[in-house]
Amino acid sequence: MEAELGHFFCISALCLSLLLFLRHSIPGFTGTYFEDVTKFMPSLIFIFIGISFFSLSLTFVNSDFSVKLVANNSHTLKPLIYKVSGAWGNHEGSMLLWVWILALYLLLFQVFSKKLPSELVNKTIFIQLSVISLFLLYLVLVSNPFERLDNPPAEGEGLNPILQDILLAFHPPTLYLGYLGLSIPFSIALGFLLSNDKNVDLAKVIRSWALLSFFFLSVGILLGSIWAYYELGWGGWWFWDPVENASLLPWLLTLALIHSLLVLERRGHLISWVLLLSIMAFSFSLIGTFIVRSGLLTSVHAFANDPSRGLFILLLIFLAIGLGLSIFMVRKPIVLNQTKFNLFSKEFWILLNNVILLVITSIVFLGTIWPFLVEAFSGDQVSVGKPFYDLSLTPFVIIFAFLLPIASSLKWNGKKVSNLPYFISLFVICLICTLTFLLWGSISLLTFLGIFLSLWVVLSSVWEICKLLSKRTREGFDFFKTVKMNRILVGKSLAHAGFGALMFGATAVSTWETEDVRYMKIGEEFKISGYTILFKEIEFQSQSNFKKVVGEFNITKGNRLVGNLYPEKRFYISRQEVTTEASIKPNFFDDVYIVLGNKLNSDEWVVRVYVKPFISFIWLGVILISLGSIMNLTSNRGKLKHAN
Amino acid sequence: MKIFFLLLFVIFTNFEAFAVEPNEKLDNEGLERRARLISSELRCLVCQNENIDSSSSEFATDLRIFVRKKLQEGLTDSEIKSYLVSKYGDFIILRPPFKEYNIILYLIGPLLFIIGVLTLFLLFVSKKRGN
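It should be emphasised that the depicted structure is a prediction, and the values quoted were computed from it without experimental measurement.

## Observations concerning the overall build of chain A
Then comes step 1: Along the backbone of chain A there are 20 helices and ten strands.
Then comes step 2: By its C-alpha atoms, chain A is 85 × 80 × 60 Å across when sized along the principal axes.
Then comes step 3: Evaluated residue by residue, chain A yields a buried proportion of 59% over its 644 residues.
Then comes step 4: Long-range contacts, defined here as pairs at least 24 residues apart, represent 72% of the contacts in chain A between residues at least 6 apart.
Then comes step 5: Total accessible area computed for chain A in this model is approximately 26500 Å², and 67% of it derives from carbon and sulfur atoms.

This is the structure we're talking about:
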């Protein structure tokens, strides 16, 4: 019953959006009567797809195995939360969620666009509706989540055990909120290009959507990364997997967009560039979907391996991107006077930032599709993995980090670097701090640069915040008020500091990580990086959907007990799969990470211990970046004019 | 009950090798470090986008042991890698060799960077006197 209800509302939503699409595309349809009716359409579409999605979730909760999707992806023994998340842990369900979020953004845009010119609003809604219609068509025609089985099985096939995780349950929805948030800048850009009334502050309109998407993308990537860290069993946090790259590409482009929007907002330049970036950012979200969903790539994420779907999605993407770019080419604003900037103006350095971000994007994109290109054209097989990205991206990240504090301190339309003594002293301080690291042993040039640059970025950002706060103290010191008044600048500096922290964490982990793997008997202990690891006990336990072996380890430093760790090996009954669950003691300065391996013939076990210095800085960095973007988003725009 | 025995079977036999096992490690620390570095640059051909250092597959285990054996025989890193390439093809190296069409992949970044920066300086920087 729920399945039919869901299917019905899915088709209804398609009909509605097609109707609305027609009403926007046929000029004769624009009577006032239609205006009144169509005003509620976005909410209706959102509600319809919502009902459809909830129906699907219900079939999962009720373990209705006569629905093909549930039979393939759920199991009665699964905890409730993973039954619910199972609704989007598969291809069809995740596409339904995808369309629902698209509709959510349509609704949000409609609500928050009251003050915009009606022509722009209508055309933006029109574009957004076209995208929604395309994806609804895809759902209804090729990828129906509500398909019934003639002979329903008694038990479902279960969800992949490594995907049964709380972080991973929220990873796709968060990432989708980011990917699809970019549909609004895309639609606004095209709506703006198609409008005749160009009298609108485009930067202000696009800005909050770009920041919102950037926030969700960052958090989504963070969740996935933390999950990989504790789930995949050896503590890596970024694998340069094609699917990770697919989420990194829109993130990088959105980052470029946010920066160039500043130039448009403050100086009124770069309008074409901003429009192009808005189109490209969403295009890369779509390409990312294609990469994940087409089955072209094989990885944990590619749960669709049906070529006809791949083809349909490919067509869809070509249509969306092709139309977007053609509209841009035909209608892009003509700039009569070539824009010129001063060499030491902020706007010029933001352009430099954009060039580097685009270079990084191109390298990641080309690296991701390179194996397919090579195979298609020459038949050879090549692999492009972490060693390639390390080699080709590092130089640009170094340049980027070095330029960041300088660009951040420059003035709009400025003519010179006014605070050279400050930078020279900052340089010396960072150099001395980095040199002190040599006291603990020799380090490679790359590590040296990594530490130096992270200090360079973090210290300059902290200094910016301090300066800002101290300036306001003369008017009476109120910390929260000052921060509140300067959310944009504080947010900026926080995000920059976050980038520095991320860089420091990445450098530290890759340089000073220690690892030991050995056979251990119960009661044995050994030392690693100042910690003593004692193997205390082993226990067998049974849960509803799996059985497990749990080891108990005491971690001590000197005489102080740091904590107990309980790494597990699980056996999932429904899938007959074994997984290893690492156990981690996170500290501020380092994480102790223990994995339980196999049991040997006697009472010995293989035990793998890693000590990962400063890995928390990686998470902290991304959290700061997200926080910075959200502070920027909530800022009061009126105050901007006074602050710099 | 059947499940319980199956569970015992799975957990108590060496069902999977998990990355580098203690018995694989070389006593010579320098050689072991080199082995780890080489392993991290070799693709596990039967896995999905994993290097042999972190993979639990039999293929990866065999290859890790092979690399260590060759290191003990005194081969250099590049000798080992080129031997493996001749045996399995370029697919096994996670960093494509700098030759033929792959050169495009390596040069696209620097080229774009140079073009981008040049464009900025030539087209967007205002001449001071003009202002």
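## Here we look at the domain arrangement of chain A
Residue and element names in this part refer to chain A.
Then comes step 1: What the domain assignment lists for chain A is domain 1 (1–159), domain 2 (168–372), domain 3 (390–512 + 617–641) and domain 4 (514–616).
Then comes step 2: Computed from C-alpha atoms alone, the centre-to-centre distance between domain 3 and domain 4 is 37 Å.
Then comes step 3: Counting from both sides, the interface comprises nine residues of domain 3 and, opposite them, seven residues of domain 4.
Then comes step 4: Across the interface of domain 3 and domain 4, roughly 770 Å² is buried in total on both sides, 70% from carbon and sulfur atoms.
Then comes step 5: Looking only at domain 3, the three residues that lose the most surface to domain 4 are V509, W512 and F617, adding up to 63% of its buried area.
Then comes step 6: Applying the counting rule to domain 3 against domain 4 returns zero salt bridges.
Then comes step 7: Applying the counting criterion to the domain 3 and domain 4 interface returns seven residue pairs in polar contact (both at pLDDT 80 or more).

## Comments concerning the packing of helix 6 (residues 91–111) of chain A against helix 10 (residues 202–231) of chain A
All names here are of chain A.
Then comes step 1: As a packed pair, helix 6 and helix 10 sit with axes 13 Å apart at the nearest point and diverge in direction by 145°. The element helix 6 and its partner helix 10 pack so that their crossing is right-handed. Contacts between helix 6 and helix 10 pair Y105, L108 and F109 from the former with W209, L212 and F216 from the latter.

## Observations regarding the interface of chain A and chain B
Put simply, an interface is often sized by how much accessible area is lost when its parts join up.
Then comes step 1: Counting residues at the interface gives 60 residues for chain A, matched by 51 residues for chain B.
Then comes step 2: Among the salt bridges present, the one from E515 of chain A reaches R36 of chain B, with a minimum N-O distance of 2.8 Å.
Then comes step 3: The tally of links between chain A and chain B comes to nine residue pairs in polar contact (both at pLDDT 80 or more).
Then comes step 4: Looking at the side of chain A that touches chain B, the elements that each hand over two or more residues are helix 14 (346–378), helix 15 (386–409), strand 1 (514–521), strand 4 (546–557), strand 6 (568–572), strand 7 (577–581), strand 9 (590–599) and strand 10 (604–613) of chain A.

## Thoughts on the pairing of strand 8 (residues 583–586) of chain A
Then comes step 1: Taken together, the four bridges between strand 8 of chain A and strand 9 of chain A define a ladder with antiparallel strand orientation. Its bridge partner lying in strand 9 of chain A, S583 of chain A is registered against I594 of chain A.

## A closer look at the nonpolar core
Residues and elements named next belong to chain A.
Then comes step 1: Counting 158 residues, the largest nonpolar core has I49, W98, Y105, F135, L136, L180 and W251 as its most contacted members.
Then comes step 2: Looking at this core, the element that brings in the most residues is helix 14, giving 15 residues.
Then comes step 3: If sequence neighbours within four positions are ignored, I49 has contacts with A13, L96, V99, W100, A103 and L136.
Then comes step 4: In this structure, I528, I533, F553 and V562 belong to the second largest nonpolar core, which totals 19 residues.

## Section: the packing of aromatic side chains
Residues and elements named next belong to chain A.
Then comes step 1: Under the counting rule described, the total for this entry stands at 49 aromatic pairs over all chains.
Then comes step 2: Relative to W209, the ring of Y105 lies with its centre 6.3 Å away and its plane at 75°, an arrangement referred to as edge-to-face. One end of the pair, Y105, is in helix 6; the other, W209, is in helix 10, and 104 residues separate them in sequence.
Then comes step 3: Aromatic side chains Y138 and F312 sit 5.3 Å apart centroid to centroid with 50° between the ring planes, which places their arrangement in the tilted category. Here F312 lies in helix 13 (residues 307–331) and Y138 lies in helix 7 (residues 118–141), a separation of 174 residues in the sequence.
Then comes step 4: Note on Y138: relative accessible area 0%, which makes it buried.
Then comes step 5: On the basis of relative accessibility, which here comes to 25%, the residue F312 falls in the partly exposed class.
Then comes step 6: Linked through ring pairs, F437, W440, F504, W512, F588, F589, F614 and F617 together constitute an aromatic cluster.
Then comes step 7: Lying over the aromatic face of F192, K198 brings its terminal NZ or CZ to 4.9 Å of the ring centre.

## Remarks on the environment of L275 of chain A
Residues and elements named next belong to chain A.
Then comes step 1: Its location among the elements puts L275 in helix 12 (residues 271–293).
Then comes step 2: Counting along the chain gives 129 residues from L275 to L404, while the straight-line C-alpha distance between them is 24 Å.
Then comes step 3: Here L275 is in contact with A189, F192, L193, L202, F328 and P333, once residues within four sequence places are set aside.

## Observations concerning the pattern of salt bridges
Then comes step 1: Within the structure shown, the criterion is met by 19 salt bridges over all chains.
Then comes step 2: For R267 of chain A, the salt bridge identified is with E347 of chain A, shortest N-O distance 2.4 Å. Highlighted residues: R267 of chain A in helix 11 (residues 242–267) and E347 of chain A in helix 14, separated in sequence by 80 residues.
Then comes step 3: A residue is classified by how much of its surface remains accessible, and R267 of chain A, at 27% relative accessible area, is partly exposed.
Then comes step 4: The partner of D53 of chain B in a salt bridge is R36 of chain B, with the nearest N and O atoms 2.9 Å apart. In this pair, D53 of chain B sits in the loop between helix 2 (29–40) and helix 3 (58–72) while R36 of chain B sits in helix 2, placing the two residues 17 residues apart along the sequence.
Then comes step 5: When its relative accessible area of 13% is taken as the criterion, D53 of chain B is described as buried.
Then comes step 6: What emerges from the salt-bridge pattern is a single network uniting K548, E568, R570 and E581 of chain A.

What counts, and where the lines are drawn
- Residues numbered from 1 in each chain as written.
- Chains lettered and ligands numbered in written order.
- Predicted model: local features only at pLDDT ≥ 70, side-chain atom pairs only at ≥ 80, totals over all residues.
- Heavy atoms only, no water.
- Helix = DSSP H or I, 4+ residues; strand = E, 2+ residues; numbered from the N terminus.
- Buried < 20%, exposed > 50% of the residue type's maximum accessible area, 1.4 Å probe, protein only.
- Contact = heavy atoms within 4.5 Å.
- Areas by Shrake-Rupley, 256 points an atom, 1.4 Å probe, with all protein chains shown as cover.
- Domains from an automatic or database assignment.
- Buried area = accessible area lost by both parts, 1.4 Å probe.
- Salt bridge = Lys/Arg side-chain N within 4 Å of Asp/Glu carboxyl O.
- Polar contact = N/O pair within 3.5 Å; in protein donor to acceptor, adjacent residues only side chain to side chain.
- Axes fitted to C-alpha atoms, helices over the stretch in contact; angles between N-to-C directions.
- Left-handed = near helix turned anticlockwise from the far one by under 90°.
- Pairing = 2+ DSSP bridges.
- Core = buried A, V, L, I, M, F, W, Y, C linked by side-chain atoms within 4.5 Å.
- Phe/Tyr/Trp six-rings, centres within 6.5 Å; stacked < 30°, edge-to-face > 60°.
- Lys NZ or Arg CZ within 6 Å of the ring centre and 35° of its normal.

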